[in-house]
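# A closer look at the structure
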Amino acid sequence: EGLVLPQTIVFSPEKICMDWQQRQRPGAGLFNLGNTCYINVILQCLTYTPPLANYLLSYEHSQSCQQQGFCMMCTMEAHVRRVLSSSASAILPGAVLRDLKFIGEDFEYGRQENAYEFLRCTLSAMHRACLSQGHDLDVSSQETTIVHQIFGGSMKYRVTCMSCQAAVDSYKAFLDVSLDIRAASSLTTVLEDCVTPKQLDQKECFRCSKCKKKAAASKKATVHHAPKVLTLCLERADQRTGTKISKFVEYPEYLDLRPYMSDTAGEPLLCSLYAIVVHSGDTCLEGHFLCYTKASNGLWYKMDDESVDNCDIHTVLGQQAYLLFYAR
């Protein structure tokens, strides 16, 4: 299908377990040392990502890790174990704060940063840690680490010549999907718009390889391979004005990905919401991040730095969400 198959599988997808191996009350909250809420929300959302938590709690990475110095996987493993086993109401994510520069070189301790950027840098650092054994792997093989096996999917982009209907496909791997919500009232309308063919403007003039001439063309994006955990960012910074988009965008507890797939035939691809990140504040450059996560006991909790409080699904679905985490 135009996709290059990996020569080596770094981590077998068969080893991933999507259901919690142990059920318990939620773990500790996280202290805020001044503008560290963006770190806390991502650490909490990842802690309550079942397939990732199961892997980290198994010690599988640290038992074989050869990394000298900083390793994001070992750091996350220690953090998740500590959060879930602590009898304290809150702990300090000290190791993460100490090694912030290794996670993302642009992060500055004490400065308010963006939670979405921190998520991307954290997943990237964990992915690099899985490749630290020094193997020279092809790109497709590199995309078989546990990070990609859990969070990774691929998009298919089809450009169709409007003159002769010839189609050219290209593919791109992703760990998260960023969505433009300016014209949307719900997540489903955003996703429907994404998979609707768009005519390419004249500047992107398309030269058709079949009819050998410049022609009008349309482009359509679909999810080609669905990730086990789908992470969506509802873009709340208006790129043109720089202002924050503060409207409510409806999102479901259960999302069927099938209508947005390259192959729309077949069984529904149901995903269940298990965490969201919310930004409160008038502008994107300041304010506060908090999150809502579903613990292994199946109950929802509002996690606002050191406080962890019970809440219900109606509260969760009524938020002005910034990041949404869905698990297959």
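Bear in mind the structure is a predicted one, so any value in this text is a computation, not a measurement.

This part covers helix H4 (residues 72-85). Between its terminal C-alpha atoms H4 stretches 20 Å, which fits the 20 Å expected from 14 residues at 1.5 Å a residue. Where H4 is concerned, the buried positions are Met 72, Met 73, Thr 75, Met 76, Glu 77, His 79, Val 80, Val 83 and Leu 84.

Moving on, we come to the packing of aromatic side chains. Within the structure shown, the criterion is met by eight aromatic pairs. Considering the side-chain rings of Phe 11 and Tyr 55, the 5.4 Å spacing of their centres and the 85° angle between planes classify their relative orientation as edge-to-face. In this pair, Phe 11 sits in the segment before strand S1 (29-30) while Tyr 55 sits in helix H2 (residues 50-57), placing the two residues 44 residues apart along the sequence. Residue Phe 11 is classed as buried on the basis of its relative accessible area of 7%. Judged by its relative accessible area of 9%, Tyr 55 falls in the buried class. Among the aromatic side chains, those forming a connected cluster through ring pairs are Tyr 38, Phe 107 and Phe 118. The side chain of Arg 81 reaches across the aromatic face of Tyr 59, ending 3.6 Å from its centre.

Axis separation between helix H1 (residues 37-47) and helix H7 (residues 115-130) bottoms out at 9 Å; the angle between their running directions is 50°. One finds that H1 runs oblique with respect to H7. In this structure, the crossing between H1 and H7 has a hand that is right-handed. Residue-level contacts link Tyr 38, Ile 39, Val 41, Ile 42 and Leu 46 of H1 to Ala 115, Phe 118, Leu 119, Thr 122 and Leu 123 of H7. The residue inventory of the contact of H1 with H7, partitioned by class, reads nine nonpolar, one polar and no charged.

This next bit is on the sheet that holds strand S6 (residues 198-199). Strand order in the open sheet made by the four strands is S4-S3-S9-S6, with antiparallel pairing throughout. Whereas interior strands pair on both sides, the edge strands pair on one side only; in this sheet they are strand S4 (167-174) and S6. Bridge analysis of strand S3 (residues 153-161) against S4 gives eight bridges, and the strand direction is antiparallel. Residue pairing for S4: Gly 153 is matched across the bridge by Phe 174.

Cut-off values and rules
Residues numbered from 1 in each chain as written. Predicted model: local features only at pLDDT ≥ 70, side-chain atom pairs only at ≥ 80, totals over all residues. Heavy atoms only, no water. Helix = DSSP H or I, 4+ residues; strand = E, 2+ residues; numbered from the N terminus. Expected span 1.5 Å × (residues − 1). Buried < 20%, exposed > 50% of the residue type's maximum accessible area, 1.4 Å probe, protein only. Phe/Tyr/Trp six-rings, centres within 6.5 Å; stacked < 30°, edge-to-face > 60°. Lys NZ or Arg CZ within 6 Å of the ring centre and 35° of its normal. Axes fitted to C-alpha atoms, helices over the stretch in contact; angles between N-to-C directions. Parallel < 35°, antiparallel > 145°, perpendicular 65-115°, else oblique. Left-handed = near helix turned anticlockwise from the far one by under 90°. Contact = heavy atoms within 4.5 Å. Nonpolar A, V, L, I, M, F, W, Y, C, P; charged D, E, K, R; others polar. Pairing = 2+ DSSP bridges.

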